[in-house]
Amino acid sequence: MSPQQTQRSVAAKNGKRATRADGHRFDDMYAEWDDEETIAAIERALSAAGEVVRLEANADFPFQLRDTQPDIVFNFAEGIGGASRESFVPAFCEFWGIPYTGSDPLTLGICLDKARTKETLSHHGIPTPEFQVVECPDDVQRTLPLPVIVKPLHEGSSKGITQRSFCTTWREARDEVARVVERYREPAIIEEFLDGREFTVAVLGNDGDGRTLPIVELDYSTLPGGAQPLYGFEAKWVWDRPQKPLDIFQCPARCEPELQRRIEEIAMAAFRSLRCRDWGRIDVRCDRTGTPHIIEVNPIPGVIPDPAANSCYPKAARAAGFSFDDVILKVLAAAAARYDLRVFD
Ligand SMILES: Nc1ncnc2c1ncn2[C@@H]1O[C@H](COP(=O)(O)OP(=O)(O)OP(=O)(O)O)[C@@H](O)[C@H]1O
Ligand SMILES: [Mg+2]
């Protein structure tokens, strides 16, 4: 059966029974995972392109993938434990020679390591905040200007990033390092805190067809009084409730044309320098002079289908005139074009 003759695609997701290899558990362990509603919405969108088979990204995945032999895998599995957790699904696709959407295992691994990401960005001359990586409080060097932010090195969805991550003294930073290391059993990254405007940029497509979607700005005036200006765990998961959504996103961002141009330029430069493919979301924050820097790169952006929910990528897509289904099918088409699988165009 040649890839062009059938139109099956696979939604890879994570099984609820997975555990980290080291057995360590913590309560926000599954924060990056998609809920059933999102998985079903992606499945529905993909069904416009052909038969869809769901595969869990669990221990059976390599064999289910081999036996299913899909024409292409739509990968949105976040994985569990370690900086390589997003790399397993694409690595097995490559192992079995099966096409898949999105970035390759190397890019996914690098982007889940905030320090490696920043080293790559710096090499390419793309602004990113100064940082240090520490494995314990005694490693902390007081070289960065205060305030700083302390984050786990390998997490996403603001796991481990709370109001306390913003530190105005080195004592607070050391305490926060101790908390991160104890909770996640991984190093912490300490970054210079940029207190300017914050944006996030959705990128769709590759090379000649690659484009940024309308920029999303995070409006910190919507946070509760006295909150530190950061989009952390409380803003994503505590203060933002389905019954009372936090009205934090402004899209399109109200930016003067020069700032908009610079943000789009560094977002695309970051996407390319990390060799992201098909889609991605780039977090950007300005320093006090208004210069935009890259905070981090998300090669598997979160997509919540409910327009009432705060989900940056679908929000940017709607501002560009694309529905949720359009986004999923455009990502599929971008990947299919790379493999010359024309049936998905
Ligand atoms: N160096 C920094 N300066 C200022 N604010 C920062 C910095 N690093 C992180 N932040 C704030 O913390 C938030 C979360 O940080 P970051 O994007 O690195 O975490 P994440 O868990 O990977 O996020 P995501 O939910 O996008 O996966 C940012 O959106 C920003 O508000
Ligand atoms: Mg982020």
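Numbers given for residues are sequential positions, taken from 1 along each chain in its written order. Chain letters start at A and ligand numbers start at 1, both assigned in the order the entries are written. Only residues with pLDDT of 70 or above have their local features reported here, since the model is predicted, and side-chain atom pairs are shown and tallied only from 80 upward, although totals for entire chains, interfaces and linings are computed over all residues. Side-chain measures were taken over the full set of non-hydrogen atoms in the model, leaving aside hydrogen atoms and water.

A.B. asks: Please explain the sheet that holds strand E5 (residues 148–152) as it appears in this structure.
C.D. replies: In any sheet, the strands associate via hydrogen bonds between backbone groups, in a parallel or an antiparallel arrangement. Strands qualify as paired when DSSP identifies two bridges or more between them. Strands are runs of DSSP state E lasting at least two residues, helices are runs of H or I lasting at least four, and both sets are numbered from the N terminus onward. If you walk across this open sheet you meet the four strands as E4-E7-E5-E6, and the pairing is antiparallel. This sheet does not close on itself; its edge strands, each paired only once, are strand E4 (131–134) and strand E6 (166–167). Here E4 pairs with strand E7 (residues 188–192) via four bridges, running antiparallel. In the sheet register, Gln132 faces E7, and the bridge partner there is Ile190. Residue contacts follow a heavy-atom distance rule, with two residues in contact if any of their heavy atoms lie within 4.5 Å. All axes here are fitted lines through C-alpha atoms, helices being fitted over the stretch that makes contact, and every angle between N-to-C directions spans 0 to 180 degrees. Strand contacts of helix H6 (residues 170–184): E4, E5, E6 and E7, with the helix running at about 10 degrees to E5, the strand carrying the most contacts.

A.B. asks: What's the story with the coordination of the magnesium ion (ligand 2) in this structure? I'm lost.
C.D. replies: Geometry sets the ideal angles at a metal, namely 109.5 degrees for four tetrahedral donors and 90 or 180 degrees for six octahedral donors. The donor set comprises N, O and S atoms within 2.8 Å of the metal, extended to 3.2 Å for Na, K and Ca; water molecules are omitted, so apparent gaps in a site may simply reflect that omission. For the magnesium ion (ligand 2), every protein donor is listed as Asp283 (OD) and Glu296 (OE), and the spread of their distances is 2.0 Å. Placement of Asp283 in strand E12 (residues 279–286) and of Glu296 in strand E13 (residues 292–298) is noted, with a sequence separation of 13 residues between them. Residue Asp283 is classed as buried on the basis of its relative accessible area, which comes to 9%. The buried label goes to any residue with under 20% of its type's maximum accessible area, the exposed label to any with over 50%, and the partly exposed label to all in between, with areas taken from a 1.4 Å probe on protein chains only. By relative accessible area, which is 12% here, Glu296 ends up buried.

A.B. asks: Teacher, can you tell me more about the nonpolar core here?
C.D. replies: The tendency in soluble globular proteins is for nonpolar side chains to be buried side by side. Take the buried Ala, Val, Leu, Ile, Met, Phe, Trp, Tyr and Cys residues and link them wherever side-chain atoms come within 4.5 Å; each set so joined is a nonpolar core. Among the nonpolar cores identified, the biggest contains 40 residues, and Ile42, Phe74, Leu213, Ile248, Trp279 and Tyr313 are the most heavily contacted of them. Breaking this core down by element, the ones donating at least two residues are helix H1 (36–46), strand E3 (72–75), strand E8 (198–204), strand E10 (216–218), helix H9 (312–319) and helix H10 (324–338). Ranked by residue count, the leading element in this core is H10, at seven residues. Ranked by size, the runner-up nonpolar core spans 23 residues in total, among them Ile263, Ala270, Cys276 and Val297.

Note that every value here comes from positions in space, so none of it alone points to a role or purpose.
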